[in-house]
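Commentary on secondary and tertiary structure
One-letter residues, chain by chain:
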Amino acid sequence: MATGQDQRPEGAPATPILTVDDYERIARDALSEPVYDFFAGGAVDERTLARNRAAFERWLLRPRYLRGAAAPDPSTRLLGVPLAFPVLVAPVAYQRLLHPEGELATRRAAARVGTVMVVSSTAADLLEDVAAAAEGPAWWQLYLWRDRGAAAELLARVREAGYGALVWTVDLTTWGRRLRDLRTGFEVPPALVPSAHDPEPDLRWEDLAWIRERAAGLPVLVKGLLTAEDARLALEHGADGVVVSNHGGRQLDAVVGSLEALPEIVETVQGRVPVLMDGGVRRGTDVLVALALGASAVLVGRPAAWGLAAEGERGVAGALSILRDELESAMALTGCRTLADVGPALVRPAG
Ligand SMILES: Cc1cc2nc3c(=O)[nH]c(=O)nc-3n(C[C@H](O)[C@H](O)[C@H](O)COP(=O)(O)O)c2cc1C
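To keep things clear, this report deals only with the structure shown in the data block. The structure presented is a predicted model; accordingly, all values stated were derived computationally and were not measured. Residues take numbers from 1 onward in each chain, read along the sequence in its written order. Local features in this predicted model are restricted to residues of pLDDT 70 or higher, and side-chain atom pairs are both shown and tallied only at a pLDDT of 80 or more, whereas totals for entire chains, interfaces and linings draw on every residue. With hydrogens and water set aside, each side-chain value is computed from the structure's full complement of heavy atoms.

1. Quick look at the nonpolar core
The biggest cluster of nonpolar side chains holds 103 residues, and the ones touching the most others in it are Phe39, Trp140, Tyr163, Leu259, Leu262 and Met277. Nonpolar cores were defined as sets of buried Ala, Val, Leu, Ile, Met, Phe, Trp, Tyr and Cys residues, with membership established by side-chain atoms within 4.5 Å. Note on exposure labels: buried denotes an accessible area under 20% of the residue type's maximum, exposed denotes more than 50%, and partly exposed covers the range between, all computed with a 1.4 Å probe on protein chains only. Membership of the second largest hydrophobic core comes to 15 residues, among which are Ala90, Val116, Ala165 and Leu299.

Now the structure itself:
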């Protein structure tokens, strides 16, 4: 795949990759338009996609000084797993469209920088290979299949392969209407679609008990919640964590940006289980704002995808490292020595 360097005309000065957005620009040049649009796009008018980003601009940081935070430590633990910094790789489908090594490269990169990759259900045919591609924890994202026999077999394989948690995605009861894909005629190559891929459209809270039973002790997180009501139900049905998410703006348009939904869910959960969020995190300061509003950690989808398209494993590690470095810098500049110093007093609404 093309890299920033490959694309430089001879003799031209190097353009350093400094931000996650730099990776997106390189990825956009490297990918065909339909594939780029599939990864970049959202549902319908992409209002929610835009809100995911815009929501971060509605918060400002309140820095504190003279607190000995010159060399901050962004490490944390999440459900027993040590993380070098509180940014996980979100489940993203069909990564071999971005790079021939696809999910394997992403898994190695996540392990290399000390975080967790959540592997998409759409990689079911590869799940053992992805698990074995690196040391260190990986989690499995689940779409509950209509065929419960096949779903149970899949979960047995997931456990056997050593995945450390299940992340059950509940916001895909039907496919979001993604106009870019309809316009470009994008279709997932059949070779990348796992054989038993037929998500259950009629999901119920009771299904969480079925999943927990087959998880056999692995933590189960529920991904795709946007309301306090559903967060309460997730707790009542035994979820070990929740992920505030609108699927990167790809499912229902005109819903809140994820960061906008975070406070009511944090307030409902009251620290009983970890609350994660994803959607629009592109900067270390975004991570800091989400944590100040009560997230235990965030996930990033497209940033890792752009790194993968640009430079394979190195690019995914590069994109994640940029977020880690930016977070460390933001912690130093706001007086946070560790993530224990990050709390509500660190932010205020932007007028
Ligand atoms: C191309 C693409 C494919 C995705 N595939 C999945 C998936 O298979 N399972 C899932 O739970 N979420 C999936 N998501 C949603 C991500 O896990 C995550 O919620 C979202 O990308 C976060 O927003 P961000 O891309 O702005 O970081 C996908 C997102 C994108 C962009």
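2. Thoughts on unusual backbone geometry
Among all residues except glycine, the phi angle is most often negative; among peptide bonds, the trans geometry is most common. Although it is not a glycine, Val44 adopts a positive phi angle of roughly 50°. Residue position: Val44 is located in the loop between helix H2 (33–40) and helix H3 (47–57). With relative accessibility at 34%, the residue Val44 sits in the partly exposed group. The residue Ala254 is not glycine, and still its phi comes out positive at about 70°. In DSSP terms, a helix is any run of H or I states spanning at least four residues, a strand is any run of E spanning at least two, and both are numbered starting from the N terminus. With respect to the helices and strands, Ala254 occurs in the loop between strand E9 (241–244) and helix H10 (258–269).

3. Looking at the pairing of strand E11 (residues 297–300)
Side-chain alternation along E11 places Ala297 and Leu299 on one buried face and Val298 and Val300 on a second face that is also buried. The pairing of strand E4 (residues 87–89) with E11 spans 3 bridges and is classified as parallel. Within the sheet, the bridge partner assigned to Val89 lies in E11 and is Val300. Looking at chain direction, strand E10 (residues 275–278) and E11 are connected through 3 bridges and run parallel. Bridged to Met277 within E11 is Val298. Handedness of a crossover: with both strands directed away from the viewer, a clockwise path from the first strand across the helix to the second marks it as right-handed. Read from E10 through helix H11 (residues 284–292) to E11, the crossover connection turns out right-handed. Strands are treated as partners if at least two bridges between them are detected by DSSP.

4. What about empty space enclosed by the protein?
Empty space among the atoms can be located by rolling a probe the size of a water molecule over them. As defined here, a cavity is a set of points on a 1 Å grid over the protein atoms alone where a 1.4 Å probe fits but cannot get out. A pocket is an open set with protein on both sides within 12 Å along at least five of seven lines, and residues line them when an atom is within 4 Å of a point. Grid points are joined across faces, edges and corners, and a volume is the space filled by probe spheres set on the points. Evaluation of the coordinates by the stated rule reveals 2 cavities of 30 Å³ or more. In this structure, the largest cavity is lined by Val89, Ala90, Val92, Gln95, Leu98, Thr106, Val300, Gly301, Ala304, Ala305 and Leu308. Examining the composition of the lining of the largest cavity, we find that 3 residues originate from one element, helix H12 (residues 302–334), more than from any other. The residue inventory of the lining of the largest cavity, partitioned by class, reads 8 nonpolar, 3 polar and no charged. A volume near 30 Å³ is recorded for the second largest cavity. What lines the second largest cavity is Tyr143, Leu144, Thr169, Leu172, Pro199, Glu200 and Leu203. Each residue is assigned to one of three groups, with Ala, Val, Leu, Ile, Met, Phe, Trp, Tyr, Cys and Pro labelled nonpolar, Asp, Glu, Lys and Arg labelled charged, and all others, Gly among them, labelled polar. Classifying every residue of the lining of the second largest cavity by side-chain character gives 5 nonpolar, 1 polar and 1 charged.

5. Regarding the site of the ligand
Proximity is defined per residue: if any heavy atom of the residue lies within 4 Å of a molecule or strand, that residue is considered near it. Residues in contact with the ligand amount to 23 residues; listed here are only the nearest, Pro91, Ser120, Thr169, Asp278 and Arg282. Ser120 is positioned such that a nitrogen or oxygen atom in its side chain is 2.7 Å from an oxygen atom of the ligand. In the environment of the ligand, a nitrogen atom lies 3.0 Å from a nitrogen or oxygen atom belonging to the side chain of Lys223. Per-residue and other accessible areas were derived by the Shrake-Rupley procedure at a 1.4 Å probe size, with only the shown protein chains allowed to occlude residues. Contact with the protein chains covers 98% of the free accessible surface of the ligand, which is 600 Å². A molecule is said to be in a cavity or pocket once over half of its atoms fall within 2 Å of that pocket's grid points. Applying the majority rule of atoms within 2 Å of the grid points places the ligand in the largest pocket. Secondary-structure elements contributing two or more residues to the shell around the ligand are H2 and H12. When the residues that make up the shell around the ligand are grouped by side-chain class, the tally is 9 nonpolar, 9 polar and 5 charged. Polar contacts, as used here, are pairs of N or O atoms within 3.5 Å; protein pairs need one atom able to donate a hydrogen and one able to accept it. Residues neighboring in sequence count only if both atoms are side-chain atoms.

6. With respect to the layout of surface pockets
Approximately 660 Å³ is the volume attributed to the largest pocket. Along its surface, the largest pocket is lined by 36 residues, and Phe38, Ala93, Arg178, His247 and Arg250 are the ones closest to its centre. Among the elements of the structure, H2, E11 and H12 are those that each provide at least two residues to the lining of the largest pocket. Tallied by class, residues from the lining of the largest pocket come to 16 nonpolar, 12 polar and 8 charged. The volume enclosed by the second largest pocket comes to roughly 400 Å³. Around the second largest pocket sit 19 residues that line it, and Val170, Asp171, Thr173, Gly224 and Asp230 are the ones nearest its centre. Taken together, the residues of the lining of the second largest pocket break down into 9 nonpolar, 7 polar and 3 charged.

7. Observations regarding the pattern of salt bridges
Each salt bridge in this description consists of a side-chain nitrogen of Lys or Arg and a carboxyl oxygen of Asp or Glu lying within 4 Å of one another. Enumeration according to the criterion identifies 20 salt bridges in this entry. Taking the shortest distance from any N to any O, the salt bridge between Arg58 and Glu260 comes out at 3.1 Å. Of this pair, Arg58 sits in the loop between H3 and strand E1 (59–61) while Glu260 sits in helix H10, and the two are 202 residues apart along the sequence. Relative accessible area serves as the criterion here: at 37%, Arg58 is assigned to the partly exposed category.

8. Overview of the side chain of Asn246
With respect to the helices and strands, the residue Asn246 is situated in the loop between E9 and H10. Looking at Asn246, its side chain comes within polar contact range of the main-chain oxygen of Val256, at 2.9 Å. With near-sequence residues (within four places) excluded, Asn246 lies in contact with Thr48, Asn52, Asp171, Leu226, Gln251, Val255, Val256, Gly257 and Ser258. Note on definitions: a residue-residue contact is assigned when non-hydrogen atoms from the two residues lie within 4.5 Å.

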